[in-house]
Amino acid sequence: MRPYHQVPIIECGEPLVEIPLELFAVESPHPYEKLGAPYGEHSPYFIRESLIDNLIEAQSYLQSIHPNWRIQIFDAYRPVAVQQFMVDYSFAQALSERGLTQAQLSSTKRQEIWEAVYQIWAVPSLDEKTPPPHSTGAAVDVTLVDDNGRVVDMGSPIDEMSERSLPDYFANNSVEAQQYHSHRQLLHNVMLKAGFQRNPREWWHFSLGDQMWAWLNNQLIPTNSLTARYGRVV
Ligand SMILES: C[C@@H](N)C(=O)N[C@H](C)C(=O)O
Ligand SMILES: [Zn+2]
């Protein structure tokens, strides 16, 4: 359980629809599809319908500052089966990066690696009260692309299991690092202006209308008691 799981979900029934990809930049091929993640009837570029306007709004704010920059969609809807697949994949990756195999793993080491995995991945819960954020269709992983079509350097890649994923990791660092921080802040500002909230642990993860979004809003304004309007889809 994370603190945001205490937020009640009152599902509004809004449909999942495909993001109009021609309006945005897109990470392609999709990073998890290319690993063989088991998507069902919806592609990873689906999202709750009204969030499309919020994404368009965020990109308009961005383009009022940098006219030819675009928001790049890395990931959006993720069935729980894909969440499970990615959690297992990340655990296996972490093992191989450390030069370890399952057989050699002490229980302490195993626990340490699972903790690192769950620092950045939500638990693939099938409980309707604790859905993984992307399984609600109300979370997106995004970055920025500049006027030359190049991905803007945020100082660390999306999904890296390290401290560098923390949004303020580069806040008080060298001049080069300040650049990364200001790019992260730009992304944060435009998404925030369009109504999203950012995951406090990941510079790229934003949501609107799910439990994490409601919880973060309630933390900012303690007199609020927002509930989530999006629960798990299917
Ligand atoms: C790891 C990243 N892609 C992500 O989406 N993390 C959040 C916390 C999630 O799994 O919902
Ligand atoms: Zn995410």
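Predicted, not measured: the structure shown is a model, and the values here were computed from it. (Residues numbered from 1 in each chain as written. Chains lettered and ligands numbered in written order. Predicted model: local features only at pLDDT ≥ 70, side-chain atom pairs only at ≥ 80, totals over all residues. Heavy atoms only, no water.)

> Before we go on, may I ask you to explain the side chain of Asn199 in this structure?
For Asn199, the position within the fold is in the loop between β6 (197–198) and β7 (205–207). Here Asn199 falls in the buried class, since its relative accessible area comes to 9%. Setting aside residues no more than four positions away along its own chain, Asn199 makes contact with Pro167, His205 and Met212. (Helix = DSSP H or I, 4+ residues; strand = E, 2+ residues; numbered from the N terminus. Buried < 20%, exposed > 50% of the residue type's maximum accessible area, 1.4 Å probe, protein only. Contact = heavy atoms within 4.5 Å.)

> What's the story with empty space enclosed by the protein in this structure? I'm lost.
Picture a little ball the size of a water molecule; that probe, rolled over the atoms, points out where space is still empty. One pass over the full model with this rule turns up one cavity of 30 Å³ or more. If you trace the largest cavity, you find it lined by Tyr4, Pro131, Pro133, Thr136, Asp210, Gln211, Met212 and Tyr230. Across the lining of the largest cavity, the residue classes break down as five nonpolar, two polar and one charged. (1 Å grid on protein atoms, 1.4 Å probe; cavity = no way out; pocket = protein on both sides within 12 Å on 5 of 7 lines; lining within 4 Å. Points joined across faces, edges and corners; volume = space filled by probe spheres on them. Nonpolar A, V, L, I, M, F, W, Y, C, P; charged D, E, K, R; others polar.)

> It is not clear to me how the packing of helix α1 (residues 51–65) against helix α4 (residues 175–193) should be interpreted in this structure. Could you clarify?
When two helices pack together, their arrangement is captured by the angle between the axes and the distance separating the axes. Running from N to C, α1 and α4 cross one another at 130°; their axes reach a closest spacing of 8 Å. Relative to α4, the element α1 lies oblique. The two elements α1 and α4 meet at a crossing, and its hand is right-handed. Of α4, the residues touching α1 (which contributes Leu55, Glu57, Ala58, Tyr61, Leu62 and Ile65) are Leu186, Val190, Met191 and Lys193. (Axes fitted to C-alpha atoms, helices over the stretch in contact; angles between N-to-C directions. Parallel < 35°, antiparallel > 145°, perpendicular 65-115°, else oblique. Left-handed = near helix turned anticlockwise from the far one by under 90°.)

> For this particular structure, what's the right way to read the UniProt feature "binding site: Zn(2+)" (unreviewed entry) in the chain?
The positions UniProt marks with the feature "binding site: Zn(2+)" (unreviewed entry) are His134, Asp141 and His205. Annotated residues spanning 72 residues; largest pairwise C-alpha distance 9.6 Å, indicating a single compact cluster. Sequence-distant contacts of His134, defined by excluding residues within four places in its chain, comprise Asp75, Ala76, Tyr77, Arg78, Ala139, Val140, Asp141 and His205. A polar side-chain atom of His134 sits 2.6 Å from the main-chain carbonyl oxygen of Ala76. Within the fold, His205 resides in strand β7. (UniProt positions renumbered as here; feature names shortened; annotations may be inferred. Polar contact = N/O pair within 3.5 Å; in protein donor to acceptor, adjacent residues only side chain to side chain.)

> Before we go on, may I ask you to explain the packing of helix α2 (residues 80–97) against helix α3 (residues 107–120) in this structure?
Packing of α2 against α3 leaves a shortest axis separation of 10 Å and a crossing angle of 125°. For the element pair α2 / α3, the angle class is oblique. The two elements α2 and α3 meet at a crossing, and its hand is right-handed. Contacts between α2 and α3 pair Val87, Asp88, Ser90, Phe91, Ala94 and Leu95 from the former with Arg110, Ile113, Trp114, Val117 and Tyr118 from the latter.

> Which parts of the structure should I look at to understand the UniProt feature "site: Transition state stabilizer" (unreviewed entry) in the chain?
Per the UniProt record, "site: Transition state stabilizer" (unreviewed entry) is annotated on Arg78. With a relative accessible area of 3%, Arg78 lands in the buried category. Polar side-chain contacts of Arg78 include one of 2.8 Å to the side chain of Gln83.

> Whenever I open this one, the sheet that holds strand β4 (residues 70–75) confuses me. Can you help?
Pairing between the strands of a sheet comes from backbone hydrogen bonds, and it takes one of two forms, parallel or antiparallel. The mixed open sheet is built from five strands, whose spatial order is β2-β4-β5-β7-β6. Edge strands, defined here as strands with exactly one partner in the open sheet, are β2 (25–26) and β6. As judged from the two bridges shared by β6 and β7, these two strands associate in the antiparallel manner. Paired with Arg198 across the strands is Phe206, a residue of β7. In this fold α1 packs onto β4 and β5 (139–145), with an angle of close to 140° to the strand it touches most, β4. (Pairing = 2+ DSSP bridges.)

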